[in-house]
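Residues per chain are reported as follows:
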Amino acid sequence: LALSSGAAAVYAPYTATGYLITGPLVYGPSLFLFYGDVDTKLNCRTSTYAGTFLIVGGSTATENITLVGDSAAQGTLASISTASGFTGNVRMRNVTFKTALVGLEIGKTYGAYNIRLNGCEFRSCDKGVDMSPTDVTNGYLNTVTFRDCYWLSNSSYDVYSDPQVRTSNVTF
């Protein structure tokens, strides 16, 4: 409810159990910040919902959030996209994606520009970051880590990226 309140920022404080997410949370496209404490967890029920849990539009930032699925067989933890067109100016900093079919999907429908991932981690996802096939202009992966991402078939990968995406300090 707070994400749709019209506020410029929403803070999710740390709790010992985290927050249970059973369906999609949507924000953007507008100047908006969704942030938490270093250990703020969104517990996504990927075992019962096969859709996308966090749908992020343009001109937004997400910081200090951990998205945790309970099954790697289905579900997408987050998607940077919009139903209305090209998505741009999105930053994710210190966001962790754990246990899902897809950790983060970027611009799958209309493409994306100026997408920045800084200090993010992908763990135990069949597909870590999926940025293609699409047009991703001025994308950046900086200090991004992939751990225990699966290679279950020819369609599984840590990162699938457009050549225009720049990388530095990426660890597999």
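Details of the structure are given in the entry above.
The structure presented is a predicted model; accordingly, all values stated were derived computationally and were not measured.

About the thresholds
- Note on numbering: residues in each chain are counted from 1, in written sequence order.
- Reporting of local features is limited, given that this is a predicted model, to residues whose pLDDT is at least 70; pairs of side-chain atoms are given and counted only at 80 or more, and all residues count toward the totals for whole chains, interfaces and linings.
- Here the side-chain values reflect all heavy atoms present in the structure, with hydrogen atoms and water set aside.
- Only runs of H or I of at least four residues qualify as helices and only runs of E of at least two qualify as strands under DSSP, and these elements are numbered from the N terminus.
- Accessibility here uses a 1.4 Å probe with only protein chains present; expressed as a share of the type maximum, an area under 20% marks a residue as buried, one over 50% as exposed, and anything in between as partly exposed.
- Note on areas: these come from Shrake-Rupley sampling with a 1.4 Å probe, and a residue is covered only by the protein chains present in the view.
- The nonpolar core is taken to be a set of buried Ala, Val, Leu, Ile, Met, Phe, Trp, Tyr and Cys residues, with the residues joined through side-chain atoms within 4.5 Å.
- When a carboxyl oxygen of Asp or Glu lies within 4 Å of a side-chain nitrogen of Lys or Arg, that pair is called a salt bridge.
- Aromatic pairing here means that ring centres of Phe, Tyr or Trp (its six-membered ring) are within 6.5 Å. Orientation follows from the plane angle: under 30 degrees is stacked, over 60 is edge-to-face, and everything else is tilted.

Once that is clear, we can look at the overall build of the protein chain. Scanning the protein chain for helices and strands turns up 0 helices and 16 strands. Relative to its full complement of 172 residues, the protein chain shows a buried share of 49%. For the protein chain, the computed accessible surface area is about 7,900 Å², with 51% contributed by carbon and sulfur atoms.

The subject of this paragraph is the nonpolar core. Looking at soluble globular proteins, one finds that nonpolar side chains tend to be buried together. Among the nonpolar cores identified, the biggest contains 34 residues, and F34, L67, M92, F97, L104, L117 and F122 are the most heavily contacted of them. Counting residues per element, this core draws most heavily on strand β9 (residues 87–106), at 7 residues.

This part covers the pattern of salt bridges. Inspection of the entire model under this criterion finds 5 salt bridges. In this structure, a network of salt bridges that share partners links the residues E63, R91 and R93.

On inspection of all chains with the given rule, the structure shows 6 aromatic pairs. Relative to Y35, the ring of Y11 has its centre 5.1 Å away and its plane inclined at 35°; by these criteria the two rings are tilted. Residue Y11 is located in strand β1 (residues 9–12), and its partner Y35 is located in strand β4 (residues 32–36); the two are separated by 24 residues in the primary sequence. When its relative accessible area of 29% is taken as the criterion, Y35 is described as partly exposed. Look at Y27 and F34: their rings are 5.6 Å apart centre to centre, the planes differ by 65°, and that puts the pair in the edge-to-face class. The pair Y27 / F34 is uniform in exposure class, with both members buried. Here the aromatic cluster, defined as three or more aromatic residues joined through ring pairs, consists of Y27, F32 and F34.

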